[in-house]
Amino acid sequence: MTEKVEAPRALTEEVKTAIRDAYAKLQANTPGFSTRRSQSQMIGVVSRALATGGVGVVEAPTGVGKSLGYLTAGVPIALASKKKLVVSTGTVALQSQLVERDIPNFLKATGLQATVALAKGRTRYLCTRNAAEAQGEGAQDSMFGDDVPLYDRPLAPIEMDVAGRLMRAFTEGRWNGDLDNAPEAVTPGLRLRITTPASGCAGRRCAYSTQCPVLRARNEVREAQIVVTNHALLLSALSIGESDNGQPLIAPPGDMLLVLDEGHHIGNVAIDQGAASLPLEDMARRTGRLQIVIAGAYRAVDKDKLGNLLPNEAIEAAARVSRLLKAFADGIAQVWTPAPDEREPLWRAANGRLPEAWKQPIEELADETRTLLNWATAAAAQVAKGKPEDAGHERLQRSLGMALEMIQQQYDLWAGWRREDKEGQPPMARWITLTRDGEHVLHCSPVSAAMVLRKLLWDEVDSVVMTSATLTGGGDFQALAIDNGIPEEAEMVSLASPFDLANQAQLVVPPFPVTPDDRERHPKEVAKYLAAELDWDKGSIVLFTSRWKMEKVAELMPATLRKKVLVQGEGAKQKMIDEHLRRTAAGEGSVLFGLNSFGEGLDLPGEACTTVVITQVPFAVPTDPQTSTLSEWFESRGLNSFNLIAIPHALRTLTQFAGRLIRTSTDTGRVVILDSRLLTRRYGKRIIDALPPFRRVIG
């Protein structure tokens, strides 16, 4: 990874004029456009960050017009600087909205000329090679040789027919190969067979490369002036640095003007990016079978040594790693034996510190796996130089790619387990889970996104803007900055809502008779409250933090009202929302019961949502290994982990939930929180005060 380019830049008068012109044309050519002070403020923050190589953080509530705000500044700056504007989102829905609606409308209104591309992971595209093989045109792939099948079952005839129709639609130009927009339904099993992960892709050496949807899409991304992607692919591209073709996957970080929309998701994605896992017994079996692909690699390149190993040495290295993995699985039993009735068995290293007895085998496994990784890297590079038209050679190359990915996965875990945690920084979380088949999966993960984002984003990318409707709790950026490692010099602004929230909505916290931790009585009281207090002739949404409680409350509703309730999981999400909108538009009344995913990004304007009920404050559950390890670290330093972790998380989530209510300047309604702890605990006033400025009806 190259160091961030620190060329001094300024927001020039020429660029300022271009931004003003774009905004003026946007106003003039957008029907119903209304000037909003908060949007103008956002344009200023984005302009200063992107034009000067800085960092801007903007909390922009619903109604500000975030996408138009950052496009108005970002597109003129990208065109003037000849850098690429990259917009990264947290959800597929927003990606589609930007590419299909927001950006085209912006360009049309302003008259600006810019090419746009959507960057997705390769497994979202048809692999023409695999689709051909799925129809029987060529040998079915295997993991490490023809006698080791890659798939659990052969394709059904109907699936082979679908693969054929998809292939024809692509080759005839009726479809671009994007499986999210496939012309017909693709089952999960078929999808697995007609896509290819990076490890199994031969790139431009593939015999089907001239008609590869992935390569076409990647070319469009590299040539586009505006790229829309998602946080996971963005961080993966920044981590890898280059694509398999030796070119940047999206853009060199020094040429990237980055906007993180839905920026409140980036921290969790970064933690996942820095995590590693290893299914122990499965990896032992697969590594033990590597001799097939090892022998094939030496035959293909006609060399005595690969990665400084002779054929027998490479085979013995794989066998040694396999034996060590099996021995480690046996050694776990000396430290942890789950109870037979444990539903989701999990063992976690307290404070991230593993047993002393494991230190030596972990070191040995890390060293031996590194040797095997060096061999696989060298072998894959040598085999890639062979003749791509040879089908057997191509299959070997793909098998080597999969083997390399498998060994890299092992090494990442052992490197994370043996790494010394730095003094003064939170430790890695390290834990073990058990599959339903009784096999061990080893895990390690950062507990904070700060280090990952410093390495990949803040220290590398030219300039970054982070925006979302919910970045803070009550305008306080401290928790966000610490969690995400945001540089001290960043400009951070929390914008006012453009709506008259005090007159449009109420925040109601009634003196609820039981607390949420009363497992038996709380669902009953929630059901009773909903039956008596909801306006059942209009639209409402009720948000829960657990599926069990949601289904229990639904079960307790009177039969006449239960007919009006749509419960998440009882049907496809979009079909449920469409039915809710149909009912409320017809004046029938409808109530959505949902979990977290219904509390974010759902747009239910007007009569579709006049009441939002939040059944309890959504505190982060400190039972997951990352949160537990971070809590321990805070407590060991005399800090209150509840105040530092649980309350900021609850505030951000509650603000998201409350944001479902007021979507336009004419919406009215109320947000009700059925959690009496807000009235009795010390943190209650802090949370209530930090929520949007609805008129309070407390107690």
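None of the values given here were measured: they were computed from a predicted structure.

This next bit is on the overall build of the protein. The helix and strand inventory of the protein stands at 26 helices and 18 strands. Taking 699 residues into account, the globule formula puts the C-alpha radius of gyration at 27 Å, and the protein, at 27 Å, falls close to it. Summarising its shape, the C-alpha atoms of the protein cover approximately 80 × 65 × 55 Å along the three principal directions. Sorting the 699 residues of the protein into buried and exposed places 52% on the buried side. When the accessible area of the protein is evaluated, it comes to approximately 31700 Å², of which 50% is carbon and sulfur surface. In the protein, 81 side chains carry a positive charge and 84 a negative one; their mean positions are 3 Å apart.

What follows deals with empty space enclosed by the protein. One pass over the structure, following the stated rule, counts two cavities of 30 Å³ or more. In this structure, the largest cavity spans a volume of roughly 140 Å³. As for the largest cavity, its lining consists of 16 residues, of which C127, T196, C201, C206 and C212 are closest to the centre. Counting residues per element, the ones that place at least two in the lining of the largest cavity are α5 (128–134) and α8 (213–223).

So, about the packing of aromatic side chains. As enumerated under the stated definition, the model contains 14 aromatic pairs in all. Centroid distance F512 to Y529: 6.2 Å. Interplanar angle 70 degrees. Geometry classified as edge-to-face. You can see F512 sitting in the loop between β12 (505–509) and α19 (521–533) and its partner Y529 sitting in helix α19, a full 17 residues away along the chain. Side by side, F512 and Y529 carry an identical accessibility label, which is buried.

Taken across its five residues, strand β4 (residues 226–230) has five buried, putting it largely inside the fold. On β4, burial covers both faces: I226, V228 and N230 on one face and V227 and T229 on the other are all buried. Note: strand β2 (residues 84–89) against β4, five bridges, orientation parallel. Note that in β4 the partner of V87 across the bridge is V228. By the bridge criterion, three bridges tie strand β3 (residues 116–118) to β4 in an arrangement that is parallel.

For the rest of this paragraph, the subject is the nonpolar core. Formed by 50 residues in total, the largest nonpolar core has its most connected members in F328, W375, W414, W417 and L442. Listing elements by their share of this core, those giving two or more residues are β6 (276–279), α11 (280–288), α12 (291–301), α13 (311–332), α14 (359–383), α15 (391–418) and β9 (440–445). Top contributing element to this core by residue count: α15, with 10 residues. Not counting the four nearest positions on each side in its chain, W375 is found in contact with I294, A297, Y298, L306, G307, L309, A314 and L400.

Thresholds, definitions, all that
- Chains are numbered independently. Their residues run from 1 in the order of the written sequence.
- Selection of residues for local features in this predicted model requires a pLDDT of at least 70, selection of side-chain atom pairs for listing and counting requires 80 or more, and totals for whole chains, interfaces and linings are taken over all residues.
- Excluding hydrogens and water, the side-chain values take into account all heavy atoms of the structure.
- For helices the rule is a DSSP run of H or I covering at least 4 residues; for strands it is a run of E covering at least 2, with both sets numbered from the N terminus onward.
- Radius of gyration: over C-alpha atoms. The globule rule applied is 2.2 Å multiplied by the number of residues raised to the 0.38 power.
- Note on exposure labels: buried denotes an accessible area under 20% of the residue type's maximum, exposed denotes more than 50%, and partly exposed covers the range between, all computed with a 1.4 Å probe on protein chains only.
- Computed with the Shrake-Rupley method and a 1.4 Å probe, the accessible areas treat only the protein chains shown as cover for residues.
- As used throughout, the charge tally considers Lys and Arg to be positive and Asp and Glu to be negative, leaving His and the chain termini uncounted.
- All charge positions are set by atom: Lys at NZ, Arg at CZ, Asp at CG, Glu at CD.
- Only protein atoms enter the 1 Å grid used here, on which a cavity is any set of points holding a 1.4 Å probe that cannot leave and a pocket is any open set flanked by protein within 12 Å on both sides along at least five of seven lines; residues with an atom within 4 Å of a point are listed as lining.
- Grid points are joined across faces, edges and corners, and a volume is the space filled by probe spheres set on the points.
- By convention, a stacked pair of Phe, Tyr or Trp rings (six-membered ring in the case of Trp) has centres within 6.5 Å and planes under 30 degrees apart, an edge-to-face pair has planes over 60 apart, and any other such pair is tilted.
- A strand pair is defined by DSSP finding two or more bridges across the two strands.
- Buried Ala, Val, Leu, Ile, Met, Phe, Trp, Tyr and Cys residues form a nonpolar core when they are joined through side-chain atoms within 4.5 Å.
- Throughout, a contact is declared for two residues whenever any of their heavy atoms are within 4.5 Å.

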